[in-house]
Structure formats: structure tokens, C-alpha cells
Amino acid sequence: MKWDKRDLLGLEQLTKDEIIFILDTADSFKEISTRAIKKVPTLRGKTAVLLFLEPSTRTRVSFELAAKRLSADMVNISASTSSMLKGESLRDTVRNIEAMKVDLVIMRHSMAGAPHRLAGEIEPGVINAGDGCHEHPTQALLDMFTIREKKGRLKGLKVAIIGDISHSRVARSNIWGLTKVGAEVVIAGPPTYIPPYIEKMGVKVKYRVEEAIKGVDVVMVLRIQRERQGKNLIPSLREYRKIFGINRDRLKIAKPDALIMHPGPVNRGIELDPDVADGPQSVILEQVTSGVAIRMAVMYLLSGVKSENPD
Amino acid sequence: MGFREKRKIMDAVAIEKTLDRVSREIIEGCKTTDELVIIGIRTRGAYLAERVVRKIEEITGSKVPFGILDITLYRDDLTAVASQPVVHKTEIPFDLTGKRVILVDDVLYTARTMRAAIDQLIDFGRPGLVQIAVLIDRGHRELPIHADYVGENVPTSEDEVVDVQINEVDGKEQVIVVEKVEK
């Protein structure tokens, strides 16, 4: 297959073949991180800018390591140390970065669609590292990569996504991706966490966690995003844990070899009990390892495509 | 642009005999095969290397570690190609430090692939010695690299292509020289 996309904005825009192609490419990149010298010269002379306007540990470090292992140069910008504090607009900030001749902009922003807006006007390729409650494509790709690695396939698997679907870009990207490759997706959470018309995305909706995880191959647990709430959508964290939290007893309803996944950071003892998070079925740390390979693959593929937006 | 077959260099029997001879030369070239490691370059070099390993193991009776290099990420023309080439796996599941490494490929031409392979190899450790074995050496080097074990030297012109076909990839066994023709 010939890769022809300059930006990765979401899984909504990708075809099934493109998704599989990224996963296959990542498969070849994974080995690099196990070498004594964890570096290849592939993107020597390319520059990537990490523009993270929301906090992050995993995604940011993962992108940074991926770039460094490909020999790209990497610049970090965060909201708290940028001129955005002085009132510069996102567009102006990015246009200025572009003027310094960079090749890739990796962006996290609290507003849905922010990377899409910029991708149309700037020359560097844009990778969406999370836009509001919209999409987080590399997270979904690394989730699918981990599932495929553990289960040997994606097609025909049953995946339950549990928790705050409304505020979750991870859920949205996974729903786009998993349904495209032929997995069956069930979601569950309190009604206040389930967005209206979500079943139009091709998922089944349950309001009882026991019904959702019955016989599934994968249980994907979402984080309760206290920073995005404000309004009281659940009575209390204690009640959430009691009704929707994944604990050892509930996990028995899923297949005996079901995988436990979580995009991190985990609220231990709220959405996921510590003994399940650290238990034999958990692949949470494997997800993190896969993340570097996925991001290397994405940067590699996007870097080969010439821009259609001349400066 | 198409290709027209000009002449046949080897058939299946000749390939087999040549690999046998190269394998014996590799064994002769070292006092002991204890430190010997064979690494093939994807795609066809990997399959040829696998056959060389089998032959050496048959002759000496001792195991020879076998690895595969995919040199895509080390290519010097990535900025020139239209879209990124497909990356396949590199598999070297052992330590190369101090080993006698034989790099195997089908054709040695400009040696740009070999340069990439050597650079990549060094990232895996510090081999004691690196040597090159190829089925065909067709000349026209663009880098100061030479082969230590050569199946056959085939003088060619630059508008010819040496096409090595093997069962594992092409479903047949032969080496032919083809010529580019305008259609």
C-alpha cells in the first residue's frame, strides 16, 4: 500500500486498509525500542514540534521518544510557557512555528477540531494528539495494536468500553477504528455519560456494566475525567465505583482470558480496582510500550508525503 | 517502460551449486565456525542466507545463528522517494559483539544497500568482523565496498537489470539479465 496522507487527524478519516497498514508498520518499529542502541537514522534532519496545550505525561513522552528514536529533532511547547499566556491566538502561534520551517506539528488542544482547522492552512503535517472530547487517534491505534498482538486478530472480537463515553476522545477514536476493522463494540456507563445518538456510530449501548462485559474479549476502562466535569453527572465517585467500577468479581463475567485495558492515568479504586489493574489480565503497560511503536510508524509514514499547502 | 530478457545467467541447479560453493568458502575462511553468524538482507538475501545457513550446518554439524536485516530505515534516498517504502521487521535475536558476521544479499551493485546494512549492523553491537557474500556481483560500485564471497561476477551495463528469482518469492529459480526497453 502507498501512504498518501500528510496529517493524522482522526480515525474517522481513515479506511480499514490504512488502519491495518499503520498497525503493520508499527509491528516493524517495535523491535527498535528493544535494541541496545534505540535509534535509527530515518528522520534525520526533520523537525517535529510538540504543542501540548493540555497536560499529559504518557502521550507527550511517547511522542518525544518516538521522534528521538527516529533521529528527528524535537521542540516542546506548553501553554504555560508560551506567548499564548500573553494572548496570542493558536493560529498565530502555529503560523510562527511554521515560519521556522518545521516538518511536523503534534498537537493537543482542549477544543475539538483545532488540529483539523490548522491542518488545512499550514505546510507541516499535523498529528492530533487529542482534541477536546473528539478524537485521540494514536491512542486508539495503540489500543488496537495491543489487542491484535495479544489476540492475534481484531475482526470478530467483542470489545466493551466502560465509563464516561461523553467526554472521551479515546472512546470515540476506538469506536471509529474498531468498527472499521470488524470488531463488535459495546459501551456502558451511567446515562449521563452516554451521548445521545451514539448508537449511530455502530455500537451497542448498555446501562448495566454486567450486561456490557458479558462474554467480551476486551474490557476497555475509561478514566473518570474530573477536570472535564464541573456539572454533577454522577452522584458520587463511591457510587460510580459500586455500580460501574471493574473489580475482580465483575471481571469474571467477561471471557476468562479477556484483556483489561485503560488509556491512563488510572484512578485506582474508582473505575478500576488496583488488583485488576495490576492483575494477570491487565495489558495497561503493554499499551504504553505499543504507543512508542505506533507513534514512530505514524511519524515515519506522514513524513514521506509532500505538502499541498505551499507557504 | 518495460523489460526484455537478454540472457540467462543461472538456472536452479547453478544457483544450488553456487550457494554450495559459497558456503564452503565461508567455512574455509574461518578457523572455527563457533563465532560465525549469518545475516540476510531482505527480501531475497534473507532467503539465500537461510539456505547458506542450512548448508553450513549440514557440513559442519554445528548450529549457526541466523538473522534478518530490513534496511529501509537506513536508506540514503528516503527524502527522494515519492512515499515512504514499506518497513518490514529486522530480526537479530542475539548479541553480535565479537562475532564473525557474514552479510548475505542476492546482488551487489552500487553498494548503497550494503552501506545501509553495515550501518544498521553496528547499531546492534560491535562485531569482530563483517564480511559480504553475494550471489551476483555486477559491478558499478558507488561506494568503496567489496564482496568477500562472490557466486558469480557478471559484467553488466548500467541500463541492464540483474533479476534474481527464487522459489520463496518469485515461484521459480533463475538469474537473468534484463534490459529496459521503451514501450
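## Looking at the overall build of chain A
(1) Moving on: Across its full length, chain A holds eleven helices and nine strands.
(2) Moving on: Its C-alpha atoms give chain A a radius of gyration of 19 Å, within 12% of the compact-globule value 19 Å for 311 residues.
(3) Moving on: Counting over 311 residues, chain A shows a buried share of 57%.
(4) Moving on: Considering only intrachain contacts with a sequence separation of at least 6, the fraction spanning at least 24 residues in chain A is 75%.
(5) Moving on: Measuring between centres, the 48 positive side-chain charges of chain A sit 3 Å from its 38 negative side-chain charges.

## Considerations on the overall build of chain B
(1) Moving on: Looking only at helices and strands, chain B has four helices and eight strands in total.
(2) Moving on: Counting helices and strands in the order they occur from the N terminus, chain B gives β-α-β-α-β-β-α-β-β-β-α-β.
(3) Moving on: At 16 Å, chain B has a C-alpha radius of gyration in line with the 16 Å of a compact globule built from 183 residues.
(4) Moving on: Projecting the C-alpha coordinates of chain B onto the three principal axes gives extents of approximately 55 × 40 × 30 Å.
(5) Moving on: The buried share of chain B, taken over its 183 residues, is 50%.
(6) Moving on: If you sum the accessible surface of chain B, you get close to 8900 Å²; carbon and sulfur atoms cover 48% of it.

## So, the side chain of Arg250(A)
All names here are of chain A.
(1) Moving on: Within the fold, Arg 250 resides in helix 9 (residues 248-251).
(2) Moving on: Residue classification places Arg 250 among the buried residues on the basis of a relative accessible area of 12%.
(3) Moving on: One polar contact links the side chain of Arg 250 to the main-chain carbonyl oxygen of Lys 242, over a distance of 2.6 Å.
(4) Moving on: If we skip the residues at most four places from it in the chain, Arg 250 touches Val 209, Glu 210, Ile 213, Arg 241, Lys 242, Ile 243, Phe 244 and Gly 245.

## Quick word on the interface of chain B and chain A
(1) Moving on: Of the residues lining the interface, 19 residues belong to chain B; the matching set on chain A comes to 21 residues.
(2) Moving on: The interface formed by chain B and chain A includes one salt bridge.
(3) Moving on: In this structure, the salt-bridge partner of Lys89(B) is Asp27(A), at a minimum N-O distance of 3.8 Å.
(4) Moving on: For the pair chain B and chain A, the interface holds six residue pairs in polar contact (both at pLDDT 80 or more).

## Overview of the sheet that holds strand 6 (residues 184-188) of chain A
Residue and element names in this part refer to chain A.
(1) Moving on: The parallel open sheet is built from five strands, whose spatial order is 7-6-5-8-9. The two strands at the open ends of the sheet, each matched to only one other strand, are strand 7 (204-206) and strand 9 (259-261). If you compare each strand with its neighbour and ignore which way they point, the axes differ by 20° on average.
(2) Moving on: Judged from the three bridges that link them, strand 6 and strand 7 form a sheet pairing that is parallel.

## Some thoughts on unusual backbone geometry
(1) Moving on: Here Gly264(A) and Pro265(A) are connected by a cis peptide whose omega angle stands at -10°.
(2) Moving on: Relative to the assigned elements, Pro265(A) resides in the loop between strand 9 and helix 10 (274-277).
(3) Moving on: Put simply, Arg42(B) and Thr43(B) share a cis peptide bond, and its omega is 5°.
(4) Moving on: Along the polypeptide, Thr43(B) turns up in the loop between strand 2 (36-41) and helix 2 (44-60).
(5) Moving on: Positive phi, close to 80°, is recorded for Ala111(B), a residue that is not glycine.
(6) Moving on: Tracing the backbone through its elements, the reader meets Ala111(B) in the loop between strand 4 (100-108) and helix 3 (112-122).
(7) Moving on: Here His140(B), not a glycine, exhibits a phi torsion of approximately 65°, which is positive.
(8) Moving on: Within the element layout of this structure, His140(B) appears in the loop between strand 5 (129-137) and strand 6 (149-153).
(9) Moving on: Assessed through its relative accessible area of 28%, His140(B) is described here as partly exposed.

## Thoughts on the packing of helix 1 (residues 16-30) of chain A against helix 5 (residues 137-151) of chain A
Each pair of packed helices can be summarised by the angle the axes make with each other and by the distance between the axes.
All names here are of chain A.
(1) Moving on: As a packed pair, helix 1 and helix 5 sit with axes 10 Å apart at the nearest point and diverge in direction by 70°. Taken together, the axes of helix 1 and helix 5 are roughly perpendicular relative to one another. Contacts between helix 1 and helix 5 involve Ile 19, Ile 20, Ile 22, Leu 23, Asp 24, Ala 26, Asp 27 and Lys 30 from the former and Leu 141, Met 144, Phe 145, Arg 148 and Glu 149 from the latter.
(2) Moving on: Residue classes in the contact of helix 1 with helix 5 are distributed as eight nonpolar, no polar and five charged.

## A short note on the sheet that holds strand 6 of chain B
Residues and elements named next belong to chain B.
(1) Moving on: Strands sit in the order 3-2-4-5-6 across an open sheet of five strands; the sheet is parallel. Edge positions in the sheet fall to strand 3 (66-69) and strand 6, since each of these pairs with one other strand and no more. On average, each strand axis in the sheet is inclined to that of its neighbour by 25°, with strand direction left out of account.
(2) Moving on: Sheet strands in contact with helix 1 (residues 12-28) are strand 2, strand 4, strand 5 and strand 6, and its direction is about 150° off that of strand 6.
(3) Moving on: In the packing of helix 2 onto the sheet, the strands contacted are strand 2, strand 3, strand 4 and strand 5, and the crossing angle to strand 2 comes to about 155°.

## Things to note about the pairing of strand 4 of chain B
Residues and elements named next belong to chain B.
(1) Moving on: Within strand 4, nine of the nine residues are buried, leaving the element largely enclosed by the surrounding structure.
(2) Moving on: Looking at chain direction, strand 2 and strand 4 are connected through five bridges and run parallel. Bridge pairing links Ile 39 to Leu 103 in strand 4.
(3) Moving on: For the crossover that starts at strand 4, traverses helix 3 and ends in the parallel strand 5, the hand is right-handed.

## Here we look at the packing of aromatic side chains
Each aromatic ring pair is characterised by the separation of its centres together with the angle its planes make.
All names here are of chain A.
(1) Moving on: Tallied over the full model, the rule gives four aromatic pairs over all chains.
(2) Moving on: Ring centres 5.4 Å apart and planes at 55° place the aromatic pair Phe 29 and Tyr 300 in the tilted group. Here Tyr 300 lies in helix 11 (residues 284-303) and Phe 29 lies in helix 1, a separation of 271 residues in the sequence. With respect to burial, Phe 29 and Tyr 300 carry one shared label: buried.
(3) Moving on: Here the aromatic residues Tyr 193, Tyr 240 and Phe 244 are joined through ring pairs into a cluster of three or more.

Cut-offs used in this document
- The numbers attached to residues start from 1 for each chain and follow its sequence in the written order.
- Each chain gets a letter, beginning with A, and each ligand a number, beginning with 1, in the order they are written.
- Reporting in this predicted model follows two pLDDT cut-offs: at least 70 for local features of residues, and 80 or more for side-chain atom pairs to be given and counted; totals over whole chains, interfaces and linings ignore these cut-offs and use all residues.
- Computation of side-chain values covers all heavy atoms of the structure but excludes hydrogens and water.
- Only runs of H or I of at least four residues qualify as helices and only runs of E of at least two qualify as strands under DSSP, and these elements are numbered from the N terminus.
- Every radius of gyration here is taken over C-alpha atoms, with the globule rule written as 2.2 Å times N^0.38, N being the number of residues.
- Think of it in three bands: residues with accessible area under 20% of the maximum for their type are buried, residues over 50% are exposed, and the middle band is partly exposed, with areas taken using a 1.4 Å probe on protein chains only.
- Contact definition: two residues touch when any of their heavy atoms are within 4.5 Å.
- The charged-residue count follows a simple rule in which Lys and Arg add positive charge and Asp and Glu add negative charge, with His and chain termini not counted at all.
- Charge positions come from single atoms, namely NZ of Lys, CZ of Arg, CG of Asp or CD of Glu.
- Using a 1.4 Å probe, accessible areas were evaluated by the Shrake-Rupley method; residue-level cover was limited to the displayed protein chains.
- Under the rule applied, a polar contact is a pair of N or O atoms within 3.5 Å (in protein, one hydrogen donor and one hydrogen acceptor; residues adjacent in sequence only if both atoms are side-chain atoms).
- Take a side-chain nitrogen of Lys or Arg and a carboxyl oxygen of Asp or Glu: if they are within 4 Å of each other, that pair is a salt bridge.
- A pair of strands is labelled paired if DSSP reports no fewer than 2 bridges between them.
- Axes here mean lines fitted to C-alpha atoms, for a helix over just the part in contact, with angles spanning 0 to 180 degrees between N-to-C directions.
- In these notes the angle categories are as follows: under 35 degrees is roughly parallel, over 145 is roughly antiparallel, 65 to 115 is roughly perpendicular, and the rest is oblique.
- All amino acids are sorted into three groups, where Ala, Val, Leu, Ile, Met, Phe, Trp, Tyr, Cys and Pro are nonpolar, Asp, Glu, Lys and Arg are charged, and the leftover types, Gly among them, are polar.
- If the strands point away from the viewer and the path from the first strand over the helix to the second runs clockwise, then the crossover is right-handed.
- Each Phe, Tyr or Trp ring, with Trp reduced to its six-membered ring, pairs with another whose centre is within 6.5 Å; inter-plane angles below 30 degrees give stacked pairs, above 60 give edge-to-face pairs, and intermediate values give tilted ones.

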